Amino acid sequence: MKQAKLWIWLLVLTLGALVFWRAGVCGFSREALYPYEKAKVWAERTVWVRVNALFSRVDHASRNAMLERDVARLQIAFAEVEALEAEVARLRALLDFTPPVDSRWLVAPVLSRGGTLAVWQSLRLAKGTLHGVRKGDPVVVPDGVVGRVTEVSPHTCEVMLVTDPNSRVACELETPGEGIGVVRGILYGGGAVPAAQPQLTLLYVVEPLRLRYLAREFEPAPRTRVVTSGLGQTFPRGLTVGYLLESRLEPNGLSRVAQVMPSVDLAALDEVFVLSTGRGAHAR
Amino acid sequence: MRVDMHLPTSVFCVFSAALLQDMVPVTETLPAKIVFLTGVALYAMLAKPLWVALTVTVWAGGLTDALGGLPLLCTSGFLLVVFGAVRLLQRVFLEATLVQGMLLTACVAVCQWVWTRLFVSTGAPVFVWQTAMVLGYAALGGLVAGFFGFALCGWADRMAGIVKPAKEGHGILWAETNR
């Protein structure tokens, strides 16, 4: 009976924590798994890569030379960008203009994908409040936008991918030529598409995103680049989100909806950049 | 003071299952998560005393929800329903053996997938032809999870001395023989 009492107490405490301390339980569980997940990522990045290198036939010398050339080229480009950045800052100061997102780049390794049941299009990253990550921070890679931070714990954060049915991003089309102006819309994640063929939400299946509320008069060409408009105050302007596949009028005829293929291969992400707006204890 | 060995073994098994379930990714070859936590919960339902089994069930469900971003008590509620069913069936035929555990986890994994999809429905139809394929994979994952859950928990229980090893044909433990 004494032993049963202990378990009854544990059960009551667990239920109480689940009901009254939900956010804490989520954060606590993620933090409890974090060291082991990080160890796994470390093993994959260091040990596994080296073991693989032993048995692979990659010509490391020529690859190294190519990368060195790339680094030199990027250093020159970076110097040019620095000069342009200084000019932009000076002009912004003259105009008294505040950029929509004042942030710094934070490299974050991907710990896991899809949570414990893979019902959401999400990633877990090894950066949290201690590194300055905040809820709502945009997550990007060189190819384009990945998503935004939805939950943060001290060492980890959850990222909702742009492909999640709950994701919304303010976007515009990169329109060619003059006289067209800016064509803006809101990019919806894949998933529930009532009018189209029903599909299950699976992590590895890339469903086209939907760019809604576009001006009905303008019919964009396929392969038009879709970029962030910066109007949502979350993503800076000009980040690539995807490429347009096709467009049609909405059933109500008031606006146009387009199908957009994401520019990022979301299933193959190992490291991403968080555009962090905060400053944490571990922030550099 | 006697230590209740159910506590460390249960914590160890639930933690290991949570770690595996979170880290084993969903891929094109296996598009449904392997529900290791459900495997551990089912072992507890079949092999542990009532209150221990109930607590482990709530832990497994709570962890699945907390780490998977699911609504409060979604999986815990499901596993509590399964708890009732399993305890009833246990009187008829269910035992905590590896084979029965694997088959049971496979069936429960399929039901859990449907339950979760209905619980977090985004408006997309759940019962389409692709569901059959995913449910097949969920059952396959359930077999793996059942093997893991019942093998690991059985091993932990034997190590902790909760479950005694099966006796040899002549009634003397192999470990007790004076070789």
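Residues numbered from 1 in each chain as written. Chains lettered and ligands numbered in written order. Predicted model: local features only at pLDDT ≥ 70, side-chain atom pairs only at ≥ 80, totals over all residues.

Novice: What am I meant to see in the overall build of chain B here?
Specialist: Looking only at helices and strands, chain B features six helices and zero strands. Looking at chain B residue by residue over its 179 residues, the buried ones come to 46%. (Helix = DSSP H or I, 4+ residues; strand = E, 2+ residues; numbered from the N terminus. Buried ≥ 20, exposed ≤ 12 C-beta atoms within 10 Å, placed from the backbone.)

Novice: I tried to follow the overall build of chain A on my own but got confused; where do I start?
Specialist: When you go through chain A residue by residue, the secondary structure sums to three helices and 12 strands. Per-residue burial over chain A gives 33% buried out of 284 residues. Nonlocal contacts in chain A, meaning residues at least 24 apart in sequence, comprise 63% of its contacts between residues at least 6 apart. (Contact = placed C-beta atoms within 7 Å.)

Novice: What is the right way to look at the interface of chain B and chain A in this model?
Specialist: When the parts of a complex come together, some accessible area is lost, and that lost area is often used as the size of the interface. Taken together, the contacts link 39 residues of chain B with 41 residues of chain A. Those elements that provide at least two residues to the side of chain B that touches chain A are helix H1 (6–23), helix H3 (50–68) and helix H6 (129–160) of chain B. Among the elements that line the side of chain B that touches chain A, the one with the most residues is H3 of chain B, at 12 residues. Among the residues making up the side of chain B that touches chain A, the classes are represented as 22 nonpolar, 13 polar and four charged. (Nonpolar A, V, L, I, M, F, W, Y, C, P; charged D, E, K, R; others polar.)

Novice: Which parts of the structure should I look at to understand H1 of chain B?
Specialist: Because each turn of an α-helix spans 3.6 residues, side chains separated by three or four positions in sequence point in the same direction. An ideal rise of 1.5 Å per residue puts 26 Å on 18 residues; H1 of chain B measures up with 26 Å between its terminal C-alpha atoms. Every buried residue of H1 of chain B is listed here: His6, Thr9, Ser10, Cys13, Val14, Ala17, Ala18, Leu20, Gln21 and Asp22 of chain B. If you follow the buried residues of H1 of chain B, they end up packed against helix H2 (22–55) and strand E1 (104–113) of chain A together with helix H2 (36–47), H3 and H6 of chain B. (Expected span 1.5 Å × (residues − 1).)

Novice: What should I look at first to understand the packing of H2 of chain B against H6 of chain B in this one?
Specialist: Relative orientation and spacing of two packed helices are given, respectively, by the angle between their axes and the distance between those axes. All names here are of chain B. Here H2 crosses H6 at 50°, and the two axes come no closer than 8 Å. Relative to H6, the element H2 lies oblique. With respect to the hand of their crossing, H2 and H6 are arranged in right-handed fashion. Between H2 and H6, the contacting residues are Phe36, Thr38, Gly39, Val40, Leu42 and Tyr43 on the first element and Ala145, Gly146, Phe148, Gly149, Phe150 and Cys153 on the second. When its residues are assigned to classes, the contact of H2 with H6 shows eight nonpolar, four polar and no charged. (Axes fitted to C-alpha atoms, helices over the stretch in contact; angles between N-to-C directions. Parallel < 35°, antiparallel > 145°, perpendicular 65-115°, else oblique. Left-handed = near helix turned anticlockwise from the far one by under 90°.)

Novice: Where do I start with the nonpolar core in this structure?
Specialist: Taken as a class, soluble globular proteins show a tendency for nonpolar side chains to be buried jointly. Counting 61 residues, the largest nonpolar core has Val14, Leu37 and Val40 of chain B as its most contacted members. Taken together, the elements giving at least two residues each to this core come down to H2 of chain A together with H1, H2, H3, helix H4 (74–90), helix H5 (98–119) and H6 of chain B. In this structure, Leu37 of chain B is in contact with Val14, Ala17, Ala18, Gln21, Ala60, Leu63 and Thr64 of chain B, ignoring residues within four places of it in sequence. Counting 38 residues, the second-largest nonpolar core is a separate cluster that includes Leu111, Val146, Leu173 and Val183 of chain A. (Core = buried A, V, L, I, M, F, W, Y, C linked by C-beta atoms within 7 Å.)

Novice: Help me understand the pairing of E1 of chain A, please; the structure alone is not making it clear to me.
Specialist: If a strand is regular, its side chains alternate between the two faces of the sheet. All names here are of chain A. Both E1 and strand E12 (residues 271–276) contribute to a ladder of six bridges, which runs antiparallel. Its bridge partner lying in E12, Leu106 is registered against Val274. Sheet topology places E1 next to strand E2 (residues 122–125); three bridges connect them, and they run antiparallel. Bridge assignment links Arg113 to a residue of E2, and that residue is Leu123. (Pairing = 2+ DSSP bridges.)

Novice: Would you explain the sheet that holds E12 of chain A in this entry?
Specialist: Within a sheet, neighbouring strands are paired by backbone hydrogen bonds and run either parallel or antiparallel to one another. All names here are of chain A. With respect to topology, six strands assemble into a closed barrel ordered E1-E2-E5-E4-E3-E12, the strand pairing being antiparallel. Ignoring strand direction, the axes of neighbouring strands in this sheet form an average angle of 45°. In the sheet, strand E3 (residues 138–141) pairs with E12 via two bridges, with the strands oriented antiparallel. Bridge assignment links Val140 to a residue of E12, and that residue is Phe273. H2 contacts E1 and strand E4 (144–152) of the sheet and is inclined by roughly 90° relative to E1.

Novice: So what exactly am I meant to see when it comes to the confidence of the model for chain B here?
Specialist: Detailed reading of the predicted coordinates is not advisable wherever pLDDT is low. Residue and element names in this part refer to chain B. Residue-level pLDDT values for chain B average 85, and 85% of them are 70 or greater. Here H6 is the element of chain B with the lowest mean pLDDT, 89, and H2 is the one with the highest, 94. The ipTM for the predicted assembly is 0.80, set against a pTM of 0.80. (pLDDT = per-residue confidence, 0-100.)

Novice: Whenever I open this one, the sheet that holds strand E6 (residues 168–173) of chain A confuses me. Can you help?
Specialist: Residue and element names in this part refer to chain A. The antiparallel closed barrel is built from six strands, whose spatial order is E6-E7-E8-E11-E10-E9. On average, each strand axis in the sheet is inclined to that of its neighbour by 40°, with strand direction left out of account. Here strand E10 (residues 240–249) runs beside strand E11 (residues 256–262); their pairing, made up of seven bridges, is antiparallel. Bridge assignment links Ser247 to a residue of E11, and that residue is Ala258.

Novice: Hey, could you run me through the pairing of strand E5 (residues 157–161) of chain A in this one?
Specialist: Residue and element names in this part refer to chain A. In terms of burial, E5 is a largely internal element, five of the five residues being buried. Bridge count between E4 and E5: five bridges; the pairing is antiparallel. The residue of E5 that forms the bridge with Gly147 is Leu161. Here E4 folds back onto E5 in antiparallel fashion, the turn holding four residues.

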